[in-house]
Amino acid sequence: MKVLFYHYGSICEPFIRSAFLESGIDVTDIEDEVTNKSILQSDCVKRVSQALMNGNFDFVFTINFFPTISDTCNIFKIPYIGWTVDAPVMELYSQSITNSCNYIFLFDQLQYQDIAPLNPGHIFYLPLATDVAFMQSAIAKDVFDSRLRALSFVGSLYMEKCPYDKLQSPSDSLRGYLDGIMEAQLKVYGYYFIEDLLTDDIVADFKRCMPDYLALKDSPFLTDSAIISKYYIGNKISSLERVSLMKQLSKRFPMTIYTNSDTSGIPGIDNRGGVMTRTEMPLVFHYSTINLNMTSKGIRSGIPLRIWDILGCGGFVISNYQPEIPEYFSIGEDIEVYESADDLLYKCSYYLDHPERAREIAVNGLENVKNKHTYLHRVLTMLETVFSPKNA
């Protein structure tokens, strides 16, 4: 089989490409967008169309969902496979999601429940994965400062990419209402309820105060309440939560963070800057006594990529509770979770005092993902689904 793989620069793409090759798939790559983020949609369509005319491909693949690529594949009558690794992916609400060529895999079950009715039989649930072999080989090379870290976090604090902060001159009532529902959401883990609380009046007021309000073209399935809750407020709550927890943790424990976000307002934190995904990040995950995961609110039920990669590196992770975690891992045996800020502080204290227990859990988590949750496992599942006798 042959796949045309359209890349845009996701950290998952090299791992999935390797899994395709390992499964016997010939891979042809289009990588223009990796280095040119301003590429026009028309250029994307042209490159994909030329490749399809010149090659005999069995399917086209992308990370996340590209409506223009879906439309192109629909014209060529060739299967288009997409696999989301982010949430929200607003493009999923475009008219193109209904194309018959689509075989779209979503890693978040609640996201899947939203999108599946838009194209029955062509939308599927598939959790994320990790590349254990690659992670372990990166750790073996040990080309990074691998001194043991007590408590680490790798990722953004979302302060530099928070569209909510562009809100201009909201009324006291609007500001108070939004602050109130965000404060309430910060206290709840495992359920995101913001969209349910956005009345028509609140939506209208919000849109009036938001310059360059996100209005996606050709998105008949996307409501304003969904845009505001998922795109604007979800990012803001994620930022508030991460900054608040970092402040609390850094007061009590040696806290190392690897981020390009501005942490000058968080006293006591050791910001080492960003890390190289394929060489440095695996070492941070492996050598830290505790790795933290604070899931973005856009991921309502699913397990984010950070968790899979920490486990694939043989690292110990404490994560906020996500509804799908118990479906794949034994809490307290493969992974640890917290359900409040106080619970997180307590568990960090416990595992820093009992690093041998953290290491036992990390070993169990590594065995779990190595045996059941690699990219090869997922690629084979996708191929079996798309090219089963039912769908062939």
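Residues numbered from 1 in each chain as written. Predicted model: local features only at pLDDT ≥ 70, side-chain atom pairs only at ≥ 80, totals over all residues. Heavy atoms only, no water.

Things to note about the packing of aromatic side chains
Part 1 of the reasoning: On inspection of all chains with the given rule, the structure shows 22 aromatic pairs.
Part 2 of the reasoning: A ring pair is formed by Phe-65 and Tyr-80, whose centres lie 5.8 Å apart and whose planes are at 40°; its orientation type is tilted. Here Phe-65 is found in the loop between strand E3 (59-63) and helix H4 (67-76), whereas its partner Tyr-80 is found in strand E4 (residues 80-83), with 15 residues between them in sequence. Here Phe-65 matches Tyr-80 in class, with each residue buried.
Part 3 of the reasoning: Three or more aromatic residues link up through ring pairs in this structure, and these residues are Phe-5, Phe-20, Phe-59, Phe-61 and Phe-387.
Part 4 of the reasoning: A cation over a ring is seen here: Lys-2 above Phe-57, with NZ or CZ 5.0 Å from the ring centre.
Part 5 of the reasoning: A cation over an aromatic ring shows up here: Arg-378 above the ring of Trp-308, its NZ or CZ 5.4 Å from the ring centre. (Phe/Tyr/Trp six-rings, centres within 6.5 Å; stacked < 30°, edge-to-face > 60°. Helix = DSSP H or I, 4+ residues; strand = E, 2+ residues; numbered from the N terminus. Buried < 20%, exposed > 50% of the residue type's maximum accessible area, 1.4 Å probe, protein only. Lys NZ or Arg CZ within 6 Å of the ring centre and 35° of its normal.)

Focus on the pattern of salt bridges
Side chains that differ in sign of charge can pair as their charged atoms come close.
Part 1 of the reasoning: Under the defined criterion, the tally for this structure stands at 14 salt bridges.
Part 2 of the reasoning: Taking the shortest distance from any N to any O, the salt bridge between Glu-195 and Lys-230 comes out at 3.0 Å. Placement of Glu-195 in the loop between helix H7 (172-186) and helix H8 (200-209) and of Lys-230 in helix H9 (residues 224-252) is noted, with a sequence separation of 35 residues between them.
Part 3 of the reasoning: Here the residues in one salt-bridge network are Glu-333, Arg-357 and Glu-360, joined through shared partners. (Salt bridge = Lys/Arg side-chain N within 4 Å of Asp/Glu carboxyl O.)

Considerations on the sheet that holds strand E6 (residues 123-125)
Part 1 of the reasoning: Strands sit in the order E2-E1-E3-E4-E5-E6 across an open sheet of six strands; the sheet is parallel. Of all strands in the sheet, those with a lone pairing partner are strand E2 (26-30) and E6, marking the two edges. Neighbouring strand axes in the sheet, compared pairwise and without regard to direction, differ in orientation by 20° on average.
Part 2 of the reasoning: In the packing of helix H15 (residues 375-386) onto the sheet, the strands contacted are E3, E4, strand E5 (102-106) and E6, and the crossing angle to E4 comes to about 145°. (Pairing = 2+ DSSP bridges. Axes fitted to C-alpha atoms, helices over the stretch in contact; angles between N-to-C directions. Contact = heavy atoms within 4.5 Å.)

Quick notes on the sheet that holds strand E9 (residues 269-271)
Part 1 of the reasoning: Strand order in the open sheet formed by six strands is E9-E8-E7-E10-E11-E12, and the pairing between neighbours is parallel. The two strands at the open ends of the sheet, each matched to only one other strand, are E9 and strand E12 (336-338). Between one strand axis and the next, the sheet turns by 30° as a mean value, whatever way the strands run.
Part 2 of the reasoning: Relative to strand E10 (residues 288-293), strand E7 (residues 149-154) runs parallel, the two being bridged by three bridges. Of the residues in E10, the one forming a bridge with Ser-152 is Asn-291.
Part 3 of the reasoning: Across the face of the sheet, helix H11 (residues 305-312) comes into contact with E7, E10 and strand E11 (317-320) while running at roughly 165° to E10.

Some thoughts on the side chain of Asp-108
Part 1 of the reasoning: Relative to the elements of secondary structure, Asp-108 occurs in the loop between E5 and helix H5 (109-115).
Part 2 of the reasoning: A polar side-chain atom of Asp-108 sits 2.9 Å from the main-chain amide nitrogen of Arg-300.
Part 3 of the reasoning: Within polar-contact distance, the side chain of Asp-108 engages the backbone nitrogen of Ser-301 at 2.9 Å.
Part 4 of the reasoning: In contact with Asp-108, not counting residues within four places along its chain, are Tyr-125, Ile-299, Arg-300, Ser-301, Gly-302 and Glu-324. (Polar contact = N/O pair within 3.5 Å; in protein donor to acceptor, adjacent residues only side chain to side chain.)

Taken by themselves, the reported measurements are silent on function.
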